[in-house]
Amino acid sequence: MYQAFLIKYAEIAIKGKNRYLFEDALVKNININLKQVDGNFNVRKENGRVYVETEGDYDFDEVVEALSRVFGIVGICPVIMIEDTGFDDMAKAVIDHINEAYPDKHFTFKVDARRARKNYPMTSMEINAAIGERILEAFPETKVDVHHPQVMIHIEVRPLINIYSTEIPGPGGMPTGTAGKGMLLLSGGIDSPVAGYMVAKRGVSLEATYFHAPPYTSERAKQKVVDLAKKVARYAGPIKLNIVNFTDIQLYIYEKCPHEELTIIMRRYMMKIAEHFAKEDGCLGLITGESIGQVASQTMQSLLATNEVCELPVYRPLIAFDKNDIVAVSEKIDTYETSILPYEDCCTIFVAKHPVTKPNLERIKKSELALNEKIDALFEEAIASTEVVICKGE
Amino acid sequence: MECYLDNSATTKCSQAATEKMVELLTKEFGNPSSMHEMGMIAENEVKAAAEKIASTLKVQPKEIYFTSGGTESNNLAILGVADAAKRRGMHVITSMIEHPSVANPFHVLEERGYEVTYLPVDEQGHITLSDLQNVIRDDTILVSLMYINNEIGAIEPISEIGNWLKANYPEVVFHVDAIQAYGKILIRPKKEGIDLLSVSGHKIHGPKGSGFLYIRDKIKIHPIIFGGGQQKGMRSGTENVPAIAGLGVAAQEIYEQFDEKIAHLYELRDYFISEVSKIDGVRVNGAADHSNAPHIVSVSTKGVRAEVLLHALEDKHIYVSAGSACSSNKPAVSATLKAIGLPNDLLDATVRFSFSVHTTKEELDYALSQMNQLIPMLQKYTRH
């Protein structure tokens, strides 16, 4: 059994004097995720490394799964750690490891030894050669290939000797909580949870706003969005979800404005409301799942029209993604199955047969003048009646 | 006021059935197969339930086989008979308006190489004997029809068809899905030529997870679940004694003072139909006489999508179903509504009201008054 996991991270290593902030956030986030796993774990920093040490029994797959949701981790290496009790014991540990981890011994390998402890009696080159020989003796089917080995056997001579040969990819990115907070416009669809995930991956904490329109949308549709937020929270940490009742605004727009402009005008008000909450809670930008040309309201002309109402920057991480690519990410982060549950969301209920695809901003603004009488009051009402749900990853 | 008008989806479990179940879950919790006394007590409970049910149908208790509910009963009947009779022929007949728990086993049979003929219905959802006469063949082995349609409430001419089959095609097995009918009409399998009859417990104030299949003595049918050989090997698995006993109690209760209950339901239904039809843009699907069930009213509202009306009513604590959404929440176009020729724009504008013996006129008045307010408002905002 592996006694520890060596956590590799890339970008944090180049962050200069702020580096400790990033490393501390990483350690904290690893600890949070490991709380859901049975077992005793000790997360510590050592010379520019983060180790997760284990004590007693644990489930390997569960630990790896929990770690693979911590942004900032590039690689997870299960490590065997032994006291330095002489070369023979070290060689035996390597042989035992290979025997257990690789049932089929027909592979090429290379030994890569490093000494952090320079007083070790052998040089790295000598260790490489001597261990390589022992492996060939024990498993004659194996072969050495120093250029393109199938298995790279790492031996690090530190206070303890570390042996590892696999690196499980982590999610990459930056530790959550190191980049400020963003307000995600979350619908029940496939795109917005992915957008939230992608921005969160850069260390951004998330808050979210969802618009529902009872009776046109159902309680189940709302529950679906809460479930999606919880799924994203597994990666991004707890998400404060604002659930806005949008029915009255939507019906008012329906009554007063040309129907083919309904979606655009509606989206402008959604942005305004989301921005209101964003500012209230100190978010530094809005996040949407828009992708150029995916639907009528996501043409460049439409994006121009919706963008115009916001003062905060709008982050659109999926802007150049094809649907297939978005689906692939949503499957990876396990939001896809929830997203495709067939509940109507408020963007589609009144959608016109032929909505404008190239809205003219001036014309839209002119249409909106018809809303002057009641829109401010409805806006305030929507804000005031908003329900808040804290969504934690489960 | 809370107003549950979705009794064709499920019903409230009766007090007596619930009490019986609690007793069997907590006190007399033995396994009928156990050889000791507790096992015998449990076995007797199962027998008693079978007797109660058999007496409502005037059949023998040994012809009652307990299942996990209507879906399993239908699966057992269709797949079990098709398998047992395949050497005689591979042609089977059903209708275009069956519940998915019948329609889908037939799709499985199609995949297995059987030929399935689907009978059409008229505008009120009725199957006709002459349509069956036109398609039945010498290699037909099974006819499976529902007694009452779950979406619009049409009562099918089961006796007429069953008796004709017995007289002309005695070898053909006649299965009837009576899940909406049991407890709403008197069913006499022996007089109606019915060989197999599916019933679900939770539609008649019994527990969910209970049901039975009546299998007429001497009918050849293969099991679809294999195991310890319980229920003469027809349905292996430890009997769900509490649910079975609860079902027994509910079955007995539902047929007490039966005529009065049905008269009450028809009175409510007729009142509801006459009042709801007065609302602009509303039409009632199916027949308004006694060729339609006493407890189901299908209502289409021009310009108001079913889901929207459903949620608007839900907001007023009135609970109904959209289209056929009895088993799933997937918005699929209803086969029944299509089969009766409902115009396209009403297919997704149809909700089902379904009553129980507990439904009152006050509840209906409340629902009607809410609909009178909501529907004109909702009709203002439609998709273009």
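The residue numbering used here restarts from 1 in each chain and proceeds along that chain's sequence as written. Naming scheme: in the order in which they are written, chains are lettered from A and ligands are numbered from 1. Restriction of local features to residues with pLDDT of at least 70 applies here, the model being predicted, together with a cutoff of 80 or more for giving and counting side-chain atom pairs; totals for whole chains, interfaces and linings are based on all residues.

Secondary structure summary: chain B contains 13 helices and 13 strands in total. Each radius of gyration reported is based on C-alpha atoms, and the globular scaling rule is 2.2 Å times the count of residues to the power 0.38. Its C-alpha atoms give chain B a radius of gyration of 21 Å, within 12% of the compact-globule value 21 Å for 384 residues. For chain B, with 384 residues in total, the buried portion stands at 49%. Relative to all contacts within chain B whose residues are 6 or more apart in sequence, the contacts with residues 24 or more apart total 75%. Secondary structure elements follow DSSP: runs of H or I of four or more residues count as helices, runs of E of two or more count as strands, with numbering from the N terminus. The exposure scheme places C-beta atoms from the backbone and then counts, for each residue, the other C-beta atoms within 10 Å of its own, assigning buried at 20 or more, exposed at 12 or fewer, and partly exposed in between. Throughout, a pair of residues is in contact if the C-beta atoms placed from their backbones lie within 7 Å.

A few words on the overall build of chain A. What chain A contains, in helices and strands, is 13 helices and 15 strands. A compact globule built from 394 residues would reach a C-alpha radius of gyration of about 21 Å, whereas chain A, at 27 Å, exceeds it by more than 25%. Structurally, chain A occupies a C-alpha span of about 85 × 35 × 35 Å along its principal axes. Buried residues in chain A amount to 41% of all 394 residues. Of the contacts formed within chain A by residues at least 6 apart in sequence, a portion of 81% connects residues at least 24 apart.

Let us look at the confidence of the model for chain A. Here pLDDT means the predictor's own confidence in every residue, given as a number from 0 to 100. Residues with a pLDDT of 70 or more make up 97% of chain A, whose mean pLDDT is 92. Mean pLDDT per element in chain A: helix α11 (residues 336-339) of chain A is the minimum at 90, and strand β13 (residues 286-287) of chain A is the maximum at 98.

This part covers the sheet that holds strand β10 (residues 296-301) of chain B. Residues and elements named next belong to chain B. At least two DSSP bridges between two strands are required for those strands to pair. Across the sheet, which stays open at both edges, the 4 strands sit in the order β9-β10-β13-β12 with antiparallel pairing between neighbours. The open sheet has two edge strands, β9 (282-285) and β12 (321-322), and neither has a second partner. Judged from the 5 bridges that link them, β10 and strand β13 (residues 350-354) form a sheet pairing that is antiparallel. Along β13, the bridge assignment pairs Ser298 with Arg352. Only C-alpha atoms enter the line fits that serve as axes; for helices the fit covers just the stretch in contact. Angles between N-to-C directions range over 0 to 180 degrees. Here helix α10 (residues 306-315) sits on the sheet in contact with β10, β12 and β13, set at roughly 45° to β13.

UniProt positions are given in the numbering used here, feature names are shortened, and annotations may be inferred rather than shown by experiment. The feature "domain: THUMP" (unreviewed entry), as given by UniProt, occupies residues 61-168 of chain A in the numbering adopted here. Within residues 61-168 of chain A, the helical portion is 34% and the strand portion 28%, while the C-alpha atoms at the span's ends are 11 Å from each other.

Among the nonpolar cores identified, the biggest contains 204 residues, and A:Ile155, A:Ala229 and B:Leu142 are the most heavily contacted of them. Not counting residues up to four positions away in its chain, the partners in contact with B:Leu142 are B:Ile78, B:Val81, B:Ala82, B:Ala85, B:Val92, B:Val172, B:Val173 and B:His175. By our criterion, buried Ala, Val, Leu, Ile, Met, Phe, Trp, Tyr and Cys residues that link up through C-beta atoms within 7 Å make up a nonpolar core.

Before going further, it helps to spend a moment on the UniProt feature "binding site: ATP" (unreviewed entry) in chain A. Residues and elements named next belong to chain A. Mapped onto this structure's residue numbering, the UniProt feature "binding site: ATP" (unreviewed entry) falls at Leu185, Leu186, Tyr210, Phe211, Arg267, Gly289 and Gln298. Considering the arrangement of structural elements, one finds Leu185 in strand β10 (residues 181-185). For Leu185, a count of 24 C-beta atoms within 10 Å gives the class buried. Inspection of the secondary structure puts Gly289 in the loop between β13 and α9 (300-307). Sequence-distant contacts of Gly289, defined by excluding residues within four places in its chain, comprise Gly189, Asp191, Ser192, Val194, Ala195 and Leu318.

Next up on the list: the sheet that holds β10(A). Residue and element names in this part refer to chain A. As summarised here, the arrangement of the 6 strands in space is β14-β13-β10-β11-β12-β15, forming an open sheet in which the pairing is mixed. The sheet is open, and its two borders are formed by β14 (314-315) and β15 (387-391), each paired with just one other strand. Its contacts with the sheet put helix α5 (residues 191-200) on β10, β11 (205-212), β13 and β14, and the angle it makes with β10 is roughly 170°.

As a further point, take the domain arrangement of chain B. Residues and elements named next belong to chain B. Per the annotation, domain bounds derive from an automatic or database assignment of domains. The domain architecture assigned to chain B consists of domain 1 (3-11 + 258-383) and domain 2 (15-254). Opposite the 26 residues of domain 1 that make contact, domain 2 presents 25 residues. Listing elements by their share of the side of domain 1 that touches domain 2, those giving two or more residues are β10 and α11 (335-339). If one sorts the elements of the side of domain 1 that touches domain 2 by residue count, α11 sits on top with 4 residues. Three classes are used, and their members are as follows: Ala, Val, Leu, Ile, Met, Phe, Trp, Tyr, Cys and Pro are nonpolar, Asp, Glu, Lys and Arg are charged, and the others, Gly among them, are polar. Across the side of domain 1 that touches domain 2, the residue classes tally to 10 nonpolar, 15 polar and 1 charged.

Residue and element names in this part refer to chain A. Within the secondary structure layout, Ile82 lies in strand β4 (residues 75-82). A sequence separation of 77 residues divides Ile82 from Pro159, and the C-alpha atoms of the two residues are 9.4 Å apart. The residues contacting Ile82, other than those within four sequence positions of it, are Asp89, Met90, Ala93, Leu160 and Ile161.

On to the packing of helix α7 (residues 247-256) of chain A against helix α8 (residues 262-280) of chain A, then. Residues and elements named next belong to chain A. Packing of α7 against α8 leaves a shortest axis separation of 10 Å and a crossing angle of 145°. Between α7 and α8 the crossing geometry is right-handed. Along its contact with α7, which presents Ile249, Gln250, Ile253 and Tyr254, the element α8 presents Leu262, Ile265, Met266 and Tyr269. A per-class count over the contact of α7 with α8 returns 7 nonpolar, 1 polar and no charged. Note on convention: near helix rotated counterclockwise from far helix by under a right angle means a left-handed crossing. Clockwise means right-handed.

Next up on the list: the confidence of the model for chain B. Residues and elements named next belong to chain B. The share of residues in chain B with pLDDT of 70 or more is 97%, and the mean pLDDT across the chain is 95. Long-range and interchain partners of residues 324-329, a stretch whose pLDDT sits below 50, account for 10 contacts in this model, where long-range means more than four residues apart. Predicted as a complex, the structure gets a pTM of 0.84 and an ipTM equal to 0.75.

The next subject is helix α1 (residues 19-34) of chain A. All names here are of chain A. A helix's residues, less one, multiplied by 1.5 Å, set its expected span. Taking 1.5 Å of rise per residue, the 16 residues of α1 would be expected to cover 22 Å, and the 23 Å separating its terminal C-alpha atoms lies within 8% of that figure. Within α1, the full set of buried residues consists of Phe22, Glu23, Ala25, Leu26, Val27, Asn29, Ile30, Asn33 and Leu34. Considering only its buried residues, α1 is in contact with β2 (40-45), β3 (50-55) and α2 (60-67).

Residue and element names in this part refer to chain B. Close contact between helix α9 (residues 258-276) and helix α13 (residues 361-380) brings their axes to 11 Å; oriented N to C, the two are set at 15°. Judged by the inter-axis angle, α9 sits roughly parallel to α13. Crossing of α9 over α13 shows right-handed handedness. Seen from α9, the contacting residues are Leu268, Tyr271, Phe272, Glu275 and Val276; seen from α13, they are Lys361, Leu364, Leu368 and Met371. Residue composition of the contact of α9 with α13, by class: 7 nonpolar, no polar and 2 charged. An angle below 35 degrees is read as roughly parallel, one above 145 as roughly antiparallel, one from 65 to 115 as roughly perpendicular, and any other as oblique.

Residues and elements named next belong to chain A. Burial analysis of strand β1 (residues 4-8) places 4 of its 5 residues in the buried class, which makes it a mostly covered element. Direction of pairing for β1 relative to β3: antiparallel, over a ladder of 4 bridges. Opposite Ile7, over in β3, you have Val50 as the bridge partner.

Residue and element names in this part refer to chain A. The pairing of strand β5 (residues 108-115) with strand β7 (residues 151-157) spans 7 bridges and is classified as parallel. Paired with Ala113 across the bridge in β7 is Ile155. Relative to strand β8 (residues 161-164), β7 is paired through 4 bridges, and the arrangement is antiparallel. Across the sheet, the residue bridging to Ile155 is Ile163, located in β8. Hairpin connection from β7 to β8: 3 residues lie between these consecutive antiparallel strands.

This paragraph deals with helix α8 (residues 241-254) of chain B. Residues and elements named next belong to chain B. For α8, which comprises 14 residues, the first-to-last C-alpha distance of 20 Å matches the rise-based estimate of 20 Å (1.5 Å per residue) to within 8%. Here α8 lies mainly inside the structure; 12 of its 14 residues are buried. Buried residues of α8: Val241, Pro242, Ala243, Ile244, Ala245, Gly246, Leu247, Gly248, Val249, Ala250, Ala251 and Ile254, and no others. Its buried side turned inward, α8 meets α1 (15-26), α2 (37-57) and β2 (64-67).

To continue, consider the environment of B:Leu313. Residue and element names in this part refer to chain B. Looking at where Leu313 falls in the secondary structure, it is placed in helix α10. Sequence separation between Leu313 and Glu43 is 270 residues, and the spatial gap between their C-alpha atoms is 45 Å. The contacts of Leu313, once residues within four sequence positions are left out, are Ile318, Val320 and Gln370.

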